[in-house]
Amino acid sequence: MKKNKGKVNTTEKEFVFGFRAGRNDCVLKVPLQFPVQENVSDLHGRLMLLHKIPCFVENELRSTLSMFIESETIQDYDREAELALQRLTTGEVDINQLTNTWAKTYSETTLEHARPEEPSWDEDFADVYHELIHSPASDTLLNLEHNYFVSVSELISERDMELKKLQERQATEMDKVIHRNKWANELKQVTHIQKQEYQEWVIKLHQDMQNPNNSTINEEIKVQPSQLTEESEPGVRLYEEQRQLEESFTIHLGAQLKTMHNLRLVRADVLDFCKHRRHGSRGTKLRRLQTALSLYSSSLCGLVLLVDNRVNSYSGIKRDFATVSKECTDFHFPRLEEQLEVVQQVMLYARSQTSKHKDQNGSSCEDKNQNVEKNSSNILPGEFYISRHSNLSEVHIVFHLCVDDNVRSGNITAREPAIMGLRNILKVCCTHDVTNITIPLLLVHDMSEEMTIPWCLRRAELVFKCVKGFMMEMASWDGGISRTVQFLVPQSISEEMFYQLSNMLPQIFRVSSTLTLTSKR
């Protein structure tokens with residue numbers, strides 16, 4: 001037996017096995033490293049193969065090898081234990097430090113000494129809110145939410161007016177940044193305070209309602225007066241209400257077991273499904289109640305928002321959506337900026353893992369160069385990220401689908417990344433209880449000169465047919481659940497074009513019934 005110079009904690013021992021083959025006495029001598037790291041059965045198989053051991057001594061070799069490894073290993077452990085005891089008796093090891101280390105290791109690895117799992121505030125609040133919103137206190141909750149919304153909305157209006165005055169005076173860029181930071185910090189502080197106050201009040205109200213002898217519960221529910229009035233102040237409104245067209249259809253899809261779905265063709269601005277009305281309009285309170293009732297349910301509402309490849313809220317439709325989402329405090333989910341930060345972190349991690357996987361598989365130099373040229377902080381066309389909201393008018397989930405300028409051309413096919421992105425979004429809807437989804441029919445939110453009538457008809461026909469095919473697949477994804485799909489066209493579409501599209505839809509989907517509505521939001 002000799003020490004291995006390269007490895008301090010291993011020793012080399014010789015295994016000797018004798019057997020008789022015919023008239024010959026054979027001896028097998030093999031050096032083994034202890035402690036043995038590999039499986040005994042694997043080691044036995046290697047010895048049989050490398051040294052061409054006869055098969056009639058296979059079992060004897062296995063048992064002898066196992067006994068040798070077991071006995072030598074026990075001897076090594078006994079030897080190390082004796083040395084450790086010697087160091088303990090001679091005072092080389094601090095006995096107090098040793099006992100503390102043992103006690104700490106035992107407490108950390110034993111279940112009975114583990115710390116009890118702390119209750120999650122978010123989960124408790126979600127359960128309590130879901131119970132209260134389905135109780136007589138629902139009206140009070142909505143009134144309180146609306147009061148918070150009014151105060152934040154007024155603060156944002158003041159901010160916008162202040163920023164407009166700053167721009168008119170042509171202040172220096174540094175002054176603008178300072179003022180913007182001031183309003184951003186104040187807005188963040190106000191929403192944080194509102195969220196904390198609201199959640200604490202909800203928890204307290206739920207506790208009071210559990211006490212049947214509490215005589216002040218009715219007064220507590222009525223403490224918040226309603227501001228969801230039917231008054232209108234056109235001069236105060238930030239967005240102008242426009243005439244909305246809508247046509248509804250009922251279809252049955254499926255090969256054998258057919259599933260009923262509702263289809264709607266709607267002409268409206270995409271942000272109309274997100275905005276609250278500060279002073280209320282017909283159906284405002286009803287929409288807010290419906291959205292609140294289904295927040296923690298299996299009937300969520302989703303919206304597809306077409307964005308560029310940058311995960312932020314600095315420009316275009318993303319900035320407008322961020323402004324709408326800030327007007328009302330979200331009492332259940334993180335702020336939009338925080339959600340986007342998480343998306344960026346997850347995306348960077350996913351990109352790094354993909355690069356490592358390609359490198360391990362020996363990707364070509366050309367592929368590596370392409371990966372270097374791509375900005376890992378950007379998403380690709382057809383990819384999407386999701387944000388959750390409880391503060392939007394009619395939407396719980398927003399699918400931010402990345403599209404490029406190619407969607408404005410007239411020659412895209414069913415393999416277009418944006419089309420495949422819609423398929424993946426519908427699949428997520430099936431697996432995550434989103435039963436109402438709004439899709440931009442033309443894959444654009446605004447019209448331009450090249451989008452002629454033939455262009456619109458071709459694009460609508462393509463999207464209709466692709467979505468129909470995806471809906472046929474839904475039966476295999478979710479077992480056949482009835483859903484509502486809204487096809488959204490820009491507000492600038494003419495009524496004549498709208499009705500041409502409404503005539504195309506039943507021809508493609510083979511509609512069962514039709515209901516035409518003309519409304520004003």
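Residues numbered from 1 in each chain as written. Predicted model: local features only at pLDDT ≥ 70, side-chain atom pairs only at ≥ 80, totals over all residues. Heavy atoms only, no water.

This paragraph deals with unusual backbone geometry. The step from F34 to P35 runs through a cis peptide bond, and the omega angle for that step is 0°. Along the chain, P35 falls in the loop between β3 (24-34) and α1 (40-50). Phi is positive for L443, which is not a glycine, with a value near 60°. With respect to the helices, strands and loops of the structure, L443 is situated in the loop between β9 (434-440) and α13 (453-478). Accessibility expressed as a relative area gives 1% for L443, which makes it buried. (Helix = DSSP H or I, 4+ residues; strand = E, 2+ residues; numbered from the N terminus. Buried < 20%, exposed > 50% of the residue type's maximum accessible area, 1.4 Å probe, protein only.)

Before going further, it helps to spend a moment on the pattern of salt bridges. A complete count under the given rule lists 21 salt bridges for this structure. We note a salt bridge from R159 to D160, for which the minimum N-O separation is 3.1 Å. Judged by its relative accessible area of 28%, D160 falls in the partly exposed class. With a shortest N-O distance of 3.4 Å, R335 and E338 are connected by a salt bridge. The partly exposed category is assigned to E338, whose relative accessible area is 33%. Among the ionic contacts, a cluster of salt bridges with common partners joins K13, E72, D76 and R79. (Salt bridge = Lys/Arg side-chain N within 4 Å of Asp/Glu carboxyl O.)

In this approach the atoms are scanned with a rolling probe the size of a water molecule, which exposes any empty space left behind. Going through the model one piece at a time under the given rule, you end up with four cavities of 30 Å³ or more. Size it by volume and the second largest cavity reaches roughly 130 Å³. If you list the elements that add at least two residues to the lining of the second largest cavity, you get α5 (138-168) and α8 (284-293). At three residues, α8 tops the list of elements feeding residues into the lining of the second largest cavity. A per-class count over the lining of the second largest cavity returns seven nonpolar, seven polar and two charged. (1 Å grid on protein atoms, 1.4 Å probe; cavity = no way out; pocket = protein on both sides within 12 Å on 5 of 7 lines; lining within 4 Å. Points joined across faces, edges and corners; volume = space filled by probe spheres on them. Nonpolar A, V, L, I, M, F, W, Y, C, P; charged D, E, K, R; others polar.)

A cluster of acidic side chains, namely D122, E123, D124, D127 and E131, defines a negative patch on the protein surface. Note that D127 resides in helix α4 (residues 121-133). For D127, a relative accessible area of 53% puts it in the exposed group. (Patch = residues over 30% accessible without salt bridge, like charges linked within 9 Å, V, L, I, M, F, W, Y side chains within 5 Å. Areas by Shrake-Rupley, 256 points an atom, 1.4 Å probe, with all protein chains shown as cover. Lys, Arg positive; Asp, Glu negative; His and termini not counted. Charge placed at Lys NZ, Arg CZ, Asp CG, Glu CD.)

On to the confidence of the model for the protein chain. When the pLDDT values of the protein chain are averaged, the result is 83; 84% of them are 70 or greater. Confidence drops under pLDDT 50 across residues 1-7; counting only partners more than four residues distant or on other chains, this segment forms seven contacts. (pLDDT = per-residue confidence, 0-100. Contact = heavy atoms within 4.5 Å.)

What characterises a pair of aromatic rings is the spacing of the ring centres plus the angle enclosed by the ring planes. For the structure on display, the rule yields 14 aromatic pairs. Ring plane angle 70° and centroid distance 6.0 Å describe the contact between F384 and F399, whose orientation is recorded as edge-to-face. One end of the pair, F384, is in strand β7 (residues 384-388); the other, F399, is in strand β8 (residues 397-402), with 15 residues separating them in the sequence. Note on F399: relative accessible area 0%, which makes it buried. For the cation-ring pair, K182 lies above W183, with the distance from its terminal atom to the ring centre recorded as 4.9 Å. (Phe/Tyr/Trp six-rings, centres within 6.5 Å; stacked < 30°, edge-to-face > 60°. Lys NZ or Arg CZ within 6 Å of the ring centre and 35° of its normal.)

Below, the discussion takes up the side chain of H396. Inspection of the secondary structure assignment puts H396 in the loop between β7 and β8. Polar contacts involving the side chain of H396 include one to the main-chain carbonyl oxygen of T291, which spans 2.8 Å. (Polar contact = N/O pair within 3.5 Å; in protein donor to acceptor, adjacent residues only side chain to side chain.)

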